[in-house]
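Structure assessment
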Amino acid sequence: MSAPIEKALDSIERGDAGKAVASIITMLTNPESVQSIGEYGDTMKAMMALKEQQQSQVQGIIQGLLALLDQEVANVAAEKSSSTQEDKTKEEAEKALSDACQEVEKVQTEFQYPLKNRITSVQREKDAIEEQRAGLLEERERVKEETTHVLPKTRYNISLYTCITGIKWDYECPPEQIKGYVSTSKDVRPFSLSSQQNSKFFITNYLWDLVESACQAK
């Protein structure tokens, strides 16, 4: 910057209008000063343009930062909303699960005791069947024993008693009847007694008396 211009600016800053005007007149009458003023004006214009460009860039940066801030705020709000929705969904799922568990417990409670009673009843029936089976097996063994050992012995005893006493039994008569006859080489004496009307003692004595009388008649 030239000296006249500096003097004029200093006078203006100090408020000395007279010196400032004198300095300006001196500059305007001096071709070099006029050229310096033109160069100074161009420099100032360039500086102003640069300043405006920088301000524009700063404004763009600020706007970009504000946009990023708005986006960040929107993201935070969206995340908060999403988190709230997730929490709500989680609560609904937990409530649904709790309701389902309660329903299952209710069903189990309703069917637990009938099912338990049914299982107990089935177990009792099974035990009864097992007991009957054991009884049948025992009875089969007893019948087998009688068939193998007792029955032949009984038949032998009956045959022996028949030979000794001469009594022939009627096995086709009703169960409550004791029927048959006593036979000897010369005589046949039938008998028919009711076990419901006569005692065992009477029947036994009657038969022995019948056998004795038949033997005496030989």
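These remarks concern the structure in this document. Computed from a predicted structure; not experimentally measured. (Residues numbered from 1 in each chain as written. Predicted model: local features only at pLDDT ≥ 70, side-chain atom pairs only at ≥ 80, totals over all residues. Heavy atoms only, no water.)

A closer look at the overall build of the chain
- For the chain, the helix and strand inventory stands at 4 helices and 3 strands.
- Within the span of the chain, comprising 218 residues, buried residues form 11% of the whole.
- Residue pairs at least 24 apart in sequence account for 25% of intrachain contacts in the chain once pairs closer than 6 positions are excluded. (Helix = DSSP H or I, 4+ residues; strand = E, 2+ residues; numbered from the N terminus. Buried < 20%, exposed > 50% of the residue type's maximum accessible area, 1.4 Å probe, protein only. Contact = heavy atoms within 4.5 Å.)

Some details on the nonpolar core
- Counting 9 residues, the largest nonpolar core is built from Ile167, Val182, Phe191, Leu193, Ile203, Leu207, Leu210, Val211 and Ala214.
- Elements supplying a minimum of two residues to this core: strand E3 (188-194) and helix H4 (200-216).
- Sort the elements by how many residues they give to this core and H4 lands first, with 5 residues.
- If we ignore the near neighbours within four places in the chain, the residues touching Phe191 are Ile167, Lys168, Trp169, Ile178, Lys179, Gly180, Tyr181, Val182, Tyr206, Leu207 and Leu210. (Core = buried A, V, L, I, M, F, W, Y, C linked by side-chain atoms within 4.5 Å.)

A few points about the sheet that holds E3
- Pairing is antiparallel across the open sheet formed by 3 strands, whose spatial order is E1-E2-E3. Looking at the sheet topology across the chains shown, the edges are occupied by strand E1 (167-169) and E3. Along the sheet, successive strands turn relative to each other by an average axial angle of 25 degrees, direction set aside.
- One ladder, built from 7 bridges, connects strand E2 (residues 177-183) with E3; its direction is antiparallel. By the bridge assignment for E3, Lys179 is matched with Ser192. (Pairing = 2+ DSSP bridges. Axes fitted to C-alpha atoms, helices over the stretch in contact; angles between N-to-C directions.)

Examining the side chain of Ser194
- Position of Ser194 relative to the elements: it lies in strand E3.
- Overall, the relative accessible area of 10% leaves Ser194 in the buried class.
- Filtering out sequence-adjacent residues up to four positions away, Ser194 remains in contact with Glu176, Gln177 and Ile203.

Examining the layout of surface pockets
- Counted as a void, the largest pocket has a volume near 240 Å³.
- Around the largest pocket, the lining residues are Ile158, Tyr161, Thr162, Thr165, Ile167, Trp169, Ile203, Thr204, Leu207, Trp208 and Val211.
- Secondary-structure elements contributing two or more residues to the lining of the largest pocket are helix H3 (31-165), E1 and H4.
- Sort the elements by how many residues they give to the lining of the largest pocket and H4 lands first, with 5 residues. (1 Å grid on protein atoms, 1.4 Å probe; cavity = no way out; pocket = protein on both sides within 12 Å on 5 of 7 lines; lining within 4 Å. Points joined across faces, edges and corners; volume = space filled by probe spheres on them.)

A word on the packing of aromatic side chains
- Here the structure, examined in full by the defined rule, presents 2 aromatic pairs.
- Taken together, a centroid distance of 6.1 Å and an interplanar angle of 25 degrees make the contact between Phe202 and Tyr206 stacked. Residue Phe202 and its partner Tyr206 are located together in helix H4, separated by 4 residues, close to a single helical turn.
- On the accessibility criterion, Phe202 (40% relative accessible area) is partly exposed. (Phe/Tyr/Trp six-rings, centres within 6.5 Å; stacked < 30°, edge-to-face > 60°.)

Remarks on the pairing of E2
- Sheet analysis places E1 next to E2, joined by 3 bridges and oriented antiparallel. In the sheet register, Ile167 faces E2, and the bridge partner there is Val182.

A closer look at H4
- Helix length check: H4 (17 residues) gives 24 Å between terminal C-alpha atoms against 24 Å at 1.5 Å per residue, within 8%.
- Listed as buried for H4 are Ile203, Leu207, Leu210, Val211 and Ala214. Within H4, the buried residues cover an arc of 95 degrees as seen down the axis, which keeps them to one side. Of the exposed residues in H4, those oriented more than 90 degrees away from the buried face are Phe201, Trp208 and Gln216. (Expected span 1.5 Å × (residues − 1). Arc of directions from axis to C-beta.)

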